[in-house]
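# Examination of the molecular architecture
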Amino acid sequence: MIIRRTTRVGKNTISYAECCEHEEKTWLLIHGLAGSSANWLKFMELVERRLNGVHVIAPDLLGHGASSTPTVSYSASMEAEALSEFMSSLGYDSFSVMGNSLGGWIAMLLALKGHVGSQVLVDSGGMPLSVIPCLDPSDEDEARALLARIFSTPQWRTQEMASKLMQARNRGMKNVIRSFLSSQERFMSWSDISKINVPTLLVWGSDDRLIPVELGRLLSSRIKRSRMIILNGLGHEPMLEDPEAFFLAVSGWIRYW
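Rules used in this analysis
- Residues numbered from 1 in each chain as written.
- Predicted model: local features only at pLDDT ≥ 70, side-chain atom pairs only at ≥ 80, totals over all residues.
- Heavy atoms only, no water.
- Axes fitted to C-alpha atoms, helices over the stretch in contact; angles between N-to-C directions.
- Helix = DSSP H or I, 4+ residues; strand = E, 2+ residues; numbered from the N terminus.
- Parallel < 35°, antiparallel > 145°, perpendicular 65-115°, else oblique.
- Left-handed = near helix turned anticlockwise from the far one by under 90°.
- Contact = heavy atoms within 4.5 Å.
- Salt bridge = Lys/Arg side-chain N within 4 Å of Asp/Glu carboxyl O.
- Buried < 20%, exposed > 50% of the residue type's maximum accessible area, 1.4 Å probe, protein only.
- Lys, Arg positive; Asp, Glu negative; His and termini not counted.

### Concerning the packing of helix α2 (residues 76–89) against helix α3 (residues 102–113)
The interhelical angle for the contact between α2 and α3, taken along N-to-C directions, is 60°, at an axis separation of 9 Å. One finds that α2 runs oblique with respect to α3. The element α2 and its partner α3 pack so that their crossing is right-handed. Between α2 and α3, the contacting residues are A76, S77, E79, A80, E81, L83 and S84 on the first element and L102, W105, I106, L109, L110 and K113 on the second.

### Notes on the pattern of salt bridges
Taken as a whole and assessed by the stated rule, the structure comprises nine salt bridges. The partner of R50 in a salt bridge is E244, and the shortest N-O contact between them spans 2.8 Å. Placement of the pair is R50 in helix α1 (residues 41–50) and E244 in helix α9 (residues 243–256), with a sequence separation of 194 residues. Looking at R50, the relative accessible area reads 39%, which means it is partly exposed.

### Looking at the side chain of D123
By the secondary structure assignment, D123 is in the loop between β6 (116–122) and α4 (140–150). Buried charged residue D123 carries no salt bridge. Nearest counter-charge: R217, at 11 Å. With residues up to four places along the chain from it excluded, the contact list for D123 reads N100, S101, V203, W204, G205, D208, I211, G235, H236 and P238.

This is the structure in structure tokens:
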């Protein structure tokens, strides 16, 4: 059963989903910018039904979902520090981590801190990018254009989905998104990325138009002990577009590591 819980980290509350808590291997699942733990729920359901020995925890980042939205400058490093404190508060000083987009960047920062036993980077951010696409749409047309970069399958790129994206932005995500985008911390350096020395699986959608697969291959070439799986026909959030294909791609890795 997937259970929703909350815990205090300093002055903030972090909301999270958890399943299989008595299993041996603990995996922290980190969503991307403007997402939430809900991005992982279909994957978590498959883990619960079909994997033994794997415990998963999917928090809402600060400023996202049901977690607190403190008035701070948001950055990947700030979120990584909060998640480090969050996992420590739950009694986990060492764990494995899976991160999508911004969540992949945060995962790499946690790996450099020494907390991480292994990691899965899913269409990860954090690399020095020559072009940063528009991540703060001002109307539904721009929102639909952003969805076309993120998703490969038409069901995720409809006007209805664009409307939902704008509603979420206007309910409070706008200031968080703009804080991230205005941060001085725009990406990790290649020298820091090359210091990552934990077993790493990179999973990339072949049709990701936000962070193209060529950048995934470049990232893989800079991380020791890494391998890469490309999911044909999927975009930037493969665990949402095709949970089954994503589960099959990562299940052996998370069971072993």
